[in-house]
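Here is how the chains run, residue by residue.
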Amino acid sequence: MAKAFTVASWNVEHFKDDSQRIDRVVNFVKQQNPDVFALYEVEGKTVFQSLVSLLPNYQFHITEGPQTQEILVGAKNTMTAFFTQKVEFKSGNSWLRPGALLTLTVQGVHYSLLLLHTKSSSKPVGLGIRDDMFERAFDFKKTLDKATANGKANFLFLGDLNTMGMEY
């Protein structure tokens, strides 16, 4: 089976306006040459502006909210991509990042990529929030399945999932 597209997903940890780090990230993206990439923990609009100018073959999307760190998504200009910010994945916590849903259409086939940065904590409250975020993702998959003719959506759930201390 031929691959429909390629994806790179990377938590760049507190990624902000630092020209050397920006160059390293851009070089990684250029070397990997993914059709889609997601960067987690992006801080500041200057990173967004730098990536747009240094990677002109991509269209960019970024989550927004009161949180400091965002999810930035790039999709090649040759792809048909629709971006939606999904606030329900904040699990009732206004300071968590929303989910990023990128829907791709490749040769007439739709693919839904849910990009999340789930709660990081080994304390019970953090585990509970993270578990809730996972449950919401699994429920979302069921909703997408119901919306397809064959009952099975093309769904990828990826990101910095912080699964330490959990059994998935």
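Only a predicted model underlies this, so the values are computations on that prediction, with no experimental measurement involved.

Enquirer: Describe the sheet that holds strand 5 (residues 80-86), listing the residues and the values that go with them.
Expert: Taken in spatial order, the four strands of this open sheet run 5-6-7-8, and their pairing is mixed. Lying at the two open borders of the sheet, with one neighbouring strand each, are strand 5 and strand 8 (155-160). Strand-to-strand twist in this sheet, taken as the mean axis angle between neighbours without regard to direction, amounts to 20°. Note that strand 6 (residues 99-106) and strand 7 (residues 109-117) share seven bridges and pair antiparallel. Counted as the bridge partner of Thr105 is His110 from strand 7.

Enquirer: I'd love a proper account of helix 3 (residues 124-147), names of residues and values included.
Expert: For helix 3, with 24 residues, the first-to-last C-alpha span of 35 Å sits near the 34 Å given by 1.5 Å per residue. Along helix 3, the residues classified as buried are Gly126, Ile129, Arg130, Met133, Phe134, Ala137, Phe140, Leu144 and Asp145. Contacts made by the buried residues of helix 3 are with strand 5, strand 6, strand 7 and strand 8.

Enquirer: Any chance you could break down the pattern of salt bridges for me, citing the residues and the numbers?
Expert: Enumeration over the complete set of coordinates arrives at five salt bridges. For Arg136, the salt bridge goes to Asp132, with nearest N and O atoms at 2.5 Å. Of this pair, Arg136 and Asp132 both sit in helix 3, four residues apart, which is roughly one turn of that helix.

Enquirer: How would you explain the sheet that holds strand 1 (residues 7-15) if you had to name every residue and give the values?
Expert: On the basis of which strands lie adjacent, the open sheet formed by four strands has the order 1-2-4-3 and mixed pairing. Strands with a single pairing partner mark the edges of an open sheet, and in this sheet they are strand 1 and strand 3 (58-62). Neighbour-to-neighbour, the strand axes of this sheet turn through a mean angle of 20°, independent of strand direction. Relative to strand 2 (residues 36-42), strand 1 is paired through six bridges, and the arrangement is parallel. Along strand 2, the bridge assignment pairs Val7 with Val36. Each of strand 1, strand 2 and strand 3 touches helix 1 (residues 19-32); the most contacted strand, strand 1, lies at about 175° to it. In this fold helix 2 (residues 45-54) packs onto strand 1, strand 2, strand 3 and strand 4 (70-76), with an angle of close to 170° to the strand it touches most, strand 3.

Enquirer: So, the nonpolar core: which residues are in play, and what are the values?
Expert: Counting residues in each nonpolar core, the largest one holds 18 residues, and the members touching the most others are Phe5, Val36, Val73, Leu102, Leu104, Leu113 and Leu115. Counting only elements with at least two residues in this core, the list comes to strand 2, strand 4, strand 5, strand 6 and strand 7. When residues in this core are grouped by element, the largest group, four residues, is from strand 6. Beyond its immediate chain neighbours, meaning those up to four positions away, Val73 contacts Val36, Phe37, Ala38, Gln59, Phe60, His61, Phe83, Ala100, Leu102 and Leu115. Counting 16 residues, the second largest nonpolar core, distinct from the first, contains Phe15, Val29, Phe37 and Phe60.

What counts and what doesn't
Residues numbered from 1 in each chain as written. Predicted model: local features only at pLDDT ≥ 70, side-chain atom pairs only at ≥ 80, totals over all residues. Heavy atoms only, no water. Pairing = 2+ DSSP bridges. Helix = DSSP H or I, 4+ residues; strand = E, 2+ residues; numbered from the N terminus. Axes fitted to C-alpha atoms, helices over the stretch in contact; angles between N-to-C directions. Expected span 1.5 Å × (residues − 1). Buried < 20%, exposed > 50% of the residue type's maximum accessible area, 1.4 Å probe, protein only. Contact = heavy atoms within 4.5 Å. Salt bridge = Lys/Arg side-chain N within 4 Å of Asp/Glu carboxyl O. Core = buried A, V, L, I, M, F, W, Y, C linked by side-chain atoms within 4.5 Å.

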